[in-house]
Amino acid sequence: MENGAYKKISKFISLILRHNPGAAGIKLDDHGWADVEELIQGVNKAGKALDMDMLKEIVRTNDKKRFSFNEDGTKIRANQGHSIAVDLELKATLPPDILYHGTATRFLGSILNLKEGLRAGSRLYVHLSKDYETAVKVGMRHGVPCVLKVDTGRMVKDGYTFYLSENGVWLVEKVPAEYLERVAEA
Ligand code: HQG
């Protein structure tokens, strides 16, 4: 279980590794990796206590397995969710025929009615979930949740490429509205 203090620091690490490495005065390489020693020093300089044992525990207990170490444990990166351009070298993966996207009711107008579909916005990819329940939780972060069913089977036939992050989140560049259908509430 992730404890409260770890949760706070893990949010800061998400910010550093996904969006703003400068917040800890560090740089990521082209593949999103940060040097572990640099990260620990940078977090401490930013006024938050962190050591190697804590970092290992944060990576191990993180509820969504957001971070990974490299093989020899000298580097760390976020598994998904980036807004800065990094190449995670994800392999194209065939998704199940249906995936889900959790969003908030206030976004449905532009997604479905204006037919913008799902766009990545500030992130590199649109995030899709393999089950309805997970999608509800994702949607709750933005307001009154609602879930869109994505016809991934047809998207694959139409040539879209899907990726599966290290922690089980499905990623795709965009989802045009024609592949989306709102799931009626249970
Ligand atoms: C919405 C969490 C209007 C989209 C989760 C979403 C995920 C549109 C919001 C990960 C739109 C973007 C990502 C359009 C999309 N018009 N709104 N055309 N297209 N949207 O946070 O998918 O806890 O960038 O529906 O578990 O909510 O951070 O994406 O509501 O995996 O690890 O724009 O973040 O993981 O919001 O979440 P986000 P998301 P972590």
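Refer to the preceding data block for the structure.
Predicted, not measured: the structure shown is a model, and the values here were computed from it. Numbers given to residues run from 1 along each chain, matching the order in which its sequence is written. Restriction of local features to residues with pLDDT of at least 70 applies here, the model being predicted, together with a cutoff of 80 or more for giving and counting side-chain atom pairs; totals for whole chains, interfaces and linings are based on all residues. The side-chain figures draw on all heavy atoms in the structure; neither hydrogens nor water molecules are used.

A. Spotlight on the environment of Arg-182. Its location among the elements puts Arg-182 in strand 11 (residues 180–182). In this structure, the C-alpha to C-alpha distance between Arg-182 and Tyr-100, residues 82 residues apart in sequence, is 9.6 Å. Once residues lying within four places of it in the same chain are set aside, the contact partners of Arg-182 are Thr-105, Leu-108, Leu-112, Cys-146, Val-147 and Leu-148. Numbering of helices and strands runs from the N terminus; a helix is a DSSP stretch of H or I covering at least four residues, while a strand is a stretch of E covering at least two. The contact criterion used throughout is that any non-hydrogen atoms of two residues lie within 4.5 Å.

B. A look at the sheet that holds strand 2 (residues 67–69). Here, a strand pair is defined by DSSP locating no fewer than two bridges between the strands. On the basis of which strands lie adjacent, the open sheet formed by three strands has the order 1-3-2 and antiparallel pairing. At either end of the open sheet lies a strand with only one pairing partner, and these are strand 1 (34–35) and strand 2. Bridge count between strand 2 and strand 3 (residues 75–78): three bridges; the pairing is antiparallel. Looking across to strand 3, one finds that Phe-69 is bridged to Ile-76.

C. Geometry of the sheet that holds strand 8 (residues 163–164). On the basis of which strands lie adjacent, the open sheet formed by three strands has the order 6-9-8 and antiparallel pairing. Each of the sheet's edge strands pairs with one partner strand only, and the pair in question is strand 6 (126–128) and strand 8. Note that strand 8 and strand 9 (residues 170–172) share two bridges and pair antiparallel. The partner of Tyr-163 across the bridge, within strand 9, is Leu-171.

D. A look at unusual backbone geometry. Residue Lys-65 is not a glycine yet carries a positive backbone phi of 50°. Structurally, the position occupied by Lys-65 is in the loop between helix 3 (52–61) and strand 2. Residue Lys-65 is classed as partly exposed on the basis of its relative accessible area of 43%. Using a 1.4 Å probe on the protein chains alone, a residue whose accessible area is under 20% of its type maximum counts as buried, one over 50% counts as exposed, and one in between counts as partly exposed.

E. Region of the structure containing the site of the ligand. Residues are classed as near a molecule or strand on a simple rule: at least one heavy atom within 4 Å of it. Taken together, the neighbourhood of the ligand is formed by 18 residues, with Arg-18, His-101, Thr-103, Arg-123 and His-142 sitting nearest. Throughout this description, a polar contact denotes any pair of N or O atoms lying within 3.5 Å of each other; where both atoms belong to protein, one of them has to be capable of donating a hydrogen while the other can accept it, and for residues adjacent in sequence the pair is counted only when both atoms sit in side chains. A distance of 2.8 Å is found between a nitrogen atom of the ligand and a side-chain nitrogen or oxygen belonging to Glu-116. His-142 is positioned such that a nitrogen or oxygen atom in its side chain is 2.6 Å from an oxygen atom of the ligand. The Shrake-Rupley method, run with a 1.4 Å probe sphere, supplies the accessible areas, and residue values consider only the shown protein chains as cover. Calculation on the ligand without its partners gives an accessible area of 780 Å², and the protein chains cover 87% of this total. Among the elements of the structure, strand 4 (98–104), helix 4 (105–113) and strand 5 (118–119) are those that each provide at least two residues to the shell around the ligand. Considering only residue class, the shell around the ligand consists of four nonpolar, seven polar and seven charged. Throughout, the edges of the domains are those of an automatic or database domain assignment. Per-domain counts for the shell around the ligand show at least three residues from each of domain 1 (3–78) and domain 2 (98–185). Classes in brief: Ala, Val, Leu, Ile, Met, Phe, Trp, Tyr, Cys and Pro nonpolar; Asp, Glu, Lys and Arg charged; the others, Gly included, polar.

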